[in-house]
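These are the residues of each chain, in order.
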Amino acid sequence: MTKPVPWIFLLALSTFACSASTSSRVSTINGLKGDATAGKSVYTSNCASCHGSDAKSGSARESLPSKSASTAYAQIIDGKGSMPSFDNLSDQDIANVWAYVQSLK
Ligand code: HEC
C-alpha cells in the first residue's frame, strides 16, 4: 500500500515544477525587447513550415499576430496539440520571433 504513493507524489511534483518554470520563463520573456529582424530567421527556420511565411496561413490555420504574447510564449515553450515544444529556443529568440510575428500584423 505504501509503494504507489511516492510515484503519485513525484508525478504531481514534476507537473507542478514544469508549469511553474513555464510561467517564470513567460514573465522573463515579457520583460525582454524583441528584435523583429533577428526574429525573422528564427521564424523562417522553426515556424514557417506550419504557419506560412505570413504567419496567417499554413497548415496550422491560426492567425498568429492576433494572439496575446503570454499565450504565445507559453505555447512556444510547451507546445500544444500537434504543435511541438520549442523549449530549445532561448528567451531572447522567443521575444525576437514574436516581434517578427507582430511585424506581420
Ligand atoms: C509542426 C507544425 C507547427 C510548427 C513547426 C509550429 N506550430 Fe504553432 N501551431 C501549430 C498548430 C497545429 C497550432 C494550433 C494548436 C491547437 O490549438 O491545437 C499552432 C498554434 C500556434 C499559436 C496559437 C496559440 C493559441 O492557442 O492561441 C501560436 C502563437 C503559435 N502556434 C506559434 C508558433 C511559433 C512562434 C512557432 C515557431 C517557433 C510555431 N508556432 C511552430 C503548428 C505548428
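Novice: What exactly am I supposed to notice about the environment of T28 here?
Specialist: Here T28 is to be found in helix α1 (residues 4-30). The spatial distance from the C-alpha of T28 to the C-alpha of A95 is 9.6 Å, given a sequence separation of 67 residues. At 3.0 Å, the side chain of T28 forms a polar contact with the backbone oxygen of S24.

Novice: Could you clarify how one ought to interpret helix α2 (residues 36-46) in this entry?
Specialist: Three or more residues of α2 are buried, namely G39, V42 and Y43. What you see down the axis of α2 is that its buried residues fit within an arc of 100°, all on one side. Away from the buried face of α2 by more than 90 degrees, exposed residues T37 and S45 are located. Put simply, D35 is the residue that caps the front of α2, since its side-chain oxygen is 2.9 Å from the backbone nitrogen of T37.

Novice: Would you mind showing me how to read the pattern of salt bridges here?
Specialist: Pairing of side chains with opposite charge becomes possible as their charged atoms draw close. Inspection of every chain in the model, using the stated rule, returns two salt bridges. Where R25 meets D91, a salt bridge forms, and the shortest distance between an N and an O atom there is 2.6 Å. Here R25, found in helix α1, pairs with D91, found in helix α5 (residues 91-103); they are 66 residues apart in sequence, far enough to count as distant. Residue class for R25 comes out buried when judged on its relative accessible area of 19%. Close ionic contact of K67 with E62 constitutes a salt bridge, the shortest N to O distance being 2.8 Å. Looking at E62, the relative accessible area reads 33%, which means it is partly exposed.

Novice: Is there a simple way to think about the nonpolar core in this case?
Specialist: Side chains that are nonpolar tend, in soluble globular proteins, to be buried together. Among the nonpolar cores identified, the biggest contains 20 residues, and Y43, I76 and I94 are the most heavily contacted of them. Mapped by element, the contributors of at least two residues to this core are α1, α2, α4 (69-78) and α5. By residue number, the principal contributor to this core is α5, which donates six residues. Discounting residues that sit within four places of it in the chain, I94 has contacts with R25, I29, Y73, I76, I77 and L89.

Novice: Would you mind going over the side chain of T22 with me for this structure?
Specialist: Within the secondary structure, T22 is located in helix α1. Take T22: its relative accessible area is 6%, and that puts it in the buried class. Within the structure, T22 has its side chain in polar contact with the side chain of D78 (distance 3.0 Å). Leave out the neighbours within four places in its chain, and T22 touches A74, I77 and D78.

Novice: When you look at the environment of H51 in this model, what are you seeing that I'm missing?
Specialist: On the secondary structure map, H51 appears in helix α3 (residues 48-51). Since its relative accessible area comes to 9%, H51 is described here as buried. Separated by ten residues in the primary sequence, H51 and R61 have C-alpha atoms spaced 7.0 Å apart. Apart from the residues lying within four places of it in its own chain, the contact partners of H51 are Y43, K56, S57, G58, A60, E62, L64 and M83.

Calculation criteria
Residues numbered from 1 in each chain as written. Predicted model: local features only at pLDDT ≥ 70, side-chain atom pairs only at ≥ 80, totals over all residues. Heavy atoms only, no water. Helix = DSSP H or I, 4+ residues; strand = E, 2+ residues; numbered from the N terminus. Polar contact = N/O pair within 3.5 Å; in protein donor to acceptor, adjacent residues only side chain to side chain. Buried < 20%, exposed > 50% of the residue type's maximum accessible area, 1.4 Å probe, protein only. Arc of directions from axis to C-beta. Salt bridge = Lys/Arg side-chain N within 4 Å of Asp/Glu carboxyl O. Core = buried A, V, L, I, M, F, W, Y, C linked by side-chain atoms within 4.5 Å. Contact = heavy atoms within 4.5 Å.

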